[in-house]
Structures are given as C-alpha cells and as structure tokens.
Amino acid sequence: MISNSKTVAAILLAMFCISIMDTIIKMLSGVYALHQLVFVRALISLAILLPLLLRFGVTALKTQRPSAHLARGLLLVVANLSYYIGLASLPLAQASAVVFTAPVIITVLSWYFLHEAFGALRWSAVLIGLVGMLCVVQPFTVDAQLAYVWPLIAAFCYAGFAIITRHIGPTERATLLAVTAQCSFLVASGLFGLALGHGEFSGHTDPGIEFFLRAWRWPQGADLIFFVAIGVFSATTALSISFAYRGNEASVLAPFEYAVLPLVLLWGFLIFNEFPDRLAFFGISLIAAGGFVVWLDGKYQAR
C-alpha cells in the first residue's frame, strides 16, 4: 500500500484542480456546448497521459478487468455530465457541496461492497453529512430548485466510480486508470457531439439543458487558453485520483475531498459574486464537519 501522506497529497491536488476546472467550465457554460468542452478536455488529457503510460510499452494498455473499466468509465461520464448540467443553473459552492456528499455515499458503499468496518462515530458522520446536504438543497422551501437533482445524481455515480477504482486498483496502473477514464469521456462526448452538436435541439429555457443541447462552435480569443487549461487540469485530476484510490482505502481518502468546498466558495465569490445564504452555508459546514469526523474515526481505527 502506498503511504498515507502521498495518497492524501494526491487527493488534495485533485481537489484543487477540480475547483479551478469547474470554475472555468461554469464561465464557459453560457457560450459553448457541454459535450464540446468535455471532448476537447479529454483529447488534451489523453495527449498528456498516453505518453506517460506508453513508457511501460504497449503491453501497459492491457487490463485484467475490462468490464470494470467500462463500468467505471460509464459512471464517471454520467457523474460529470450530470454535475455540469446542474452547475450551469446553480451557484458553484452549492452545486459542489451536493456532489461532495459523495464521500458520505462512499463510506456506505465501502461498508457494503468492500466490507470496511465502521463504528458509531463513522455512521454519525454520515448522518451529519446528509443533514448538511438537506440544508444546502433546502427541498422543503418554496424556492427549492429541481436543478439540485443533477449534482445529486453525480454524487451517487462518483461514489460508484471511487469504489470500483479501489476494487481494481491493486491490479491496474494508476496511469491506465486515468487513460481509460479519459477515453470514456472522449467516446461519450464524441457521440453526443455527433448527435447534438449541430444545435437542432437547442433553444431550451433551462440553462443546464441548453448547455447540453447547444451547437459546437470554434473557441474565440482567450477561450482557447481556457480549453487547454481544463484539459491539463483534467489530466492531473484523473492521474491523482487514480493514484490515490488504488493505494489507500476509499473511506480514508474520501474526507479529504471536502477540501474543495472552501476553494469553490472562494472562486464563486471572487468570480461570480455568489455566496450561500445562512442555511446553505451551515449545510456546507456540516458536510465538511462530517468529513472531518470520518477522518478522525479513520485515524482512531488505524491506531
């Protein structure tokens, strides 16, 4: 098993890259098509990752778990598309907070599928995280938004992706895991581009749905830099997450994903002039607190 410090550092790096990448994609969501951004991002990521993998020869592309890679890629594609559809309509911090209930879901799935043992403290953290998510979404208020369903779908899909990564990690290279993830993005977004990229179905009033149905267009001016940037950040994220989850328990690493929350709060305020209301901010704090309790329990169990 890889040392805890290295896997934790990898997760923290991934969270930083995700916060920047999500901010850029939200900035571009009113102009470009979602599948176009994902396609270009995957293309640039593969240009970075493939040479790293092929250092070990063509045989490095071989896998003992092709069906697991397929399921993992499908879950990741659905998670990303769902999240970004929601992000086009929702504030950055609140959308991210809902997605990052995924570590709570990962804890439950780790218990069920990977047979990782937890005590009352860990289950209390799960409850805290779920209450926090309800405070963010506020489903019982008059102003409740159905758009929150999208990041919630993303949270479940990402949790499944993390569990599969942990399950197959011991037999697969981190670079291969990253490459297969990007290949899934490339194929899926390419197919969506062929079907929807001409814009025949665009013109929807919902910003998220329109983001998905919009026609492809050539990036203008400084937007080219943003396209390249999301590809670089995506490659770094994929490699870091694959490295981390193949080297440590999912339930240990999951809490560190909450590090993204203060980052998206900062970017949302600085770039989009967004800041959560008091109840939503309290919910974000609960989600982070739940993650911290899970981490403390993991340290206790390790001792």
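Residues numbered from 1 in each chain as written. Predicted model: local features only at pLDDT ≥ 70, side-chain atom pairs only at ≥ 80, totals over all residues. Heavy atoms only, no water.

Describing unusual backbone geometry
Phi at N273 is positive, roughly 55°, even though this residue is not glycine. Along the chain, N273 turns up in the loop between α12 (260–272) and α13 (278–302). The exposure class assigned to N273 is exposed, which follows from its relative accessible area of 65%. (Helix = DSSP H or I, 4+ residues; strand = E, 2+ residues; numbered from the N terminus. Buried < 20%, exposed > 50% of the residue type's maximum accessible area, 1.4 Å probe, protein only.)

Concerning the pattern of salt bridges
Counted by the stated rule, this structure contains one salt bridge. For E274, the salt bridge goes to K26, with nearest N and O atoms at 3.9 Å. Within this pair, whereas E274 is found in the loop between α12 and α13, its partner K26 is found in helix α1 (residues 4–28), the two being separated by 248 residues in sequence. Both residues of the pair, E274 and K26, belong to the buried class. (Salt bridge = Lys/Arg side-chain N within 4 Å of Asp/Glu carboxyl O.)

With respect to a nonpolar patch on the surface
Together, M27, L266, F269, L270, I271, F275 and F281 make up a nonpolar patch on the protein surface, roughly 670 Å² of accessible area in all. Broken down by element, the residue count for the nonpolar patch peaks at four residues, all from α12. Structurally, the position occupied by M27 is in helix α1. (Patch = residues over 30% accessible without salt bridge, like charges linked within 9 Å, V, L, I, M, F, W, Y side chains within 5 Å. Areas by Shrake-Rupley, 256 points an atom, 1.4 Å probe, with all protein chains shown as cover.)

Some remarks on the side chain of T23
Following the sequence through the fold, T23 ends up in helix α1. Residue T23 is classed as buried on the basis of its relative accessible area of 4%. At 2.7 Å, the side chain of T23 forms a polar contact with the backbone oxygen of S19. When neighbours within four sequence positions are excluded, T23 is seen to be in contact with L92, W267, I271 and F272. (Polar contact = N/O pair within 3.5 Å; in protein donor to acceptor, adjacent residues only side chain to side chain. Contact = heavy atoms within 4.5 Å.)

Examining the packing of helix α2 (residues 34–54) against helix α3 (residues 66–87)
Where α2 contacts α3, the two axes come as close as 11 Å, and the packing angle between them is 135°. When the interaxial angle is binned, α2 and α3 end up oblique. Every pair of crossing elements has a handedness; the one defined by α2 and α3 is right-handed. When α2 is examined against α3, the residues L34, V38 and R41 are found in contact with a partner set consisting of N80, L81, Y84 and I85. Considered class by class, the residues forming the contact of α2 with α3 number five nonpolar, one polar and one charged. (Axes fitted to C-alpha atoms, helices over the stretch in contact; angles between N-to-C directions. Parallel < 35°, antiparallel > 145°, perpendicular 65-115°, else oblique. Left-handed = near helix turned anticlockwise from the far one by under 90°. Nonpolar A, V, L, I, M, F, W, Y, C, P; charged D, E, K, R; others polar.)

What about the environment of L134?
Mapping L134 onto the fold places it in helix α6 (residues 120–137). The class for L134 is partly exposed, based on a relative accessible area of 41%. In this structure the C-alpha to C-alpha distance between L134 and I287, which are 153 residues apart in sequence, comes to 10.0 Å.

Some points on the packing of aromatic side chains
Tallying each qualifying case throughout the model produces seven aromatic pairs. Seen in terms of ring centroids, Y32 and F227 are 5.1 Å apart; in terms of plane orientation they differ by 85°. Their pairing is edge-to-face. Taken together, the residues span a long stretch of sequence, with Y32 in the loop between α1 and α2 and F227 in helix α10 (residues 223–247) at a distance of 195 residues. By relative accessible area, F227 is classed as buried at 3%. On the basis of an interplanar angle of 40° and a centroid distance of 5.5 Å, the ring pair of Y158 and F161 is categorised as tilted. (Phe/Tyr/Trp six-rings, centres within 6.5 Å; stacked < 30°, edge-to-face > 60°.)

Regarding the packing of helix α8 (residues 174–196) against α10
At a closest axis distance of 8 Å, the pairing of α8 and α10 adopts a crossing angle of 130°. One element, α8, and the other, α10, form an angle in the oblique class. With respect to the hand of their crossing, α8 and α10 are arranged in right-handed fashion. Contacts between α8 and α10 pair A174, T175, L177, A178 and Q182 from the former with S234, A238, L239, S242, F243 and R246 from the latter. Considering only residue class, the contact of α8 with α10 consists of six nonpolar, four polar and one charged.

A word on the nonpolar core
The biggest cluster of nonpolar side chains holds 74 residues, and the ones touching the most others in it are L34, L37, Y83, Y84, Y158 and Y245. When residues in this core are grouped by element, the largest group, 11 residues, is from α1. Once you skip the residues sitting within four places of it in the chain, L37 turns out to touch I25, L28, Y32, F211, F227 and I230. (Core = buried A, V, L, I, M, F, W, Y, C linked by side-chain atoms within 4.5 Å.)

Let's talk about the confidence of the model for the protein
Averaged over the protein, the pLDDT score is 86; the fraction of residues at 70 or greater is 93%. When mean pLDDT is compared element by element in the protein, helix α9 (residues 207–213) scores highest at 95, while helix α11 (residues 250–253) scores lowest at 70. (pLDDT = per-residue confidence, 0-100.)

Side note on the environment of L239
Residue position: L239 is located in helix α10. For the pair L239 and L177, spaced 62 residues apart in the sequence, the C-alpha separation amounts to 7.7 Å. Beyond its immediate stretch of four places on either side in the chain, L239 contacts L49, L52, A174, T175 and A178.

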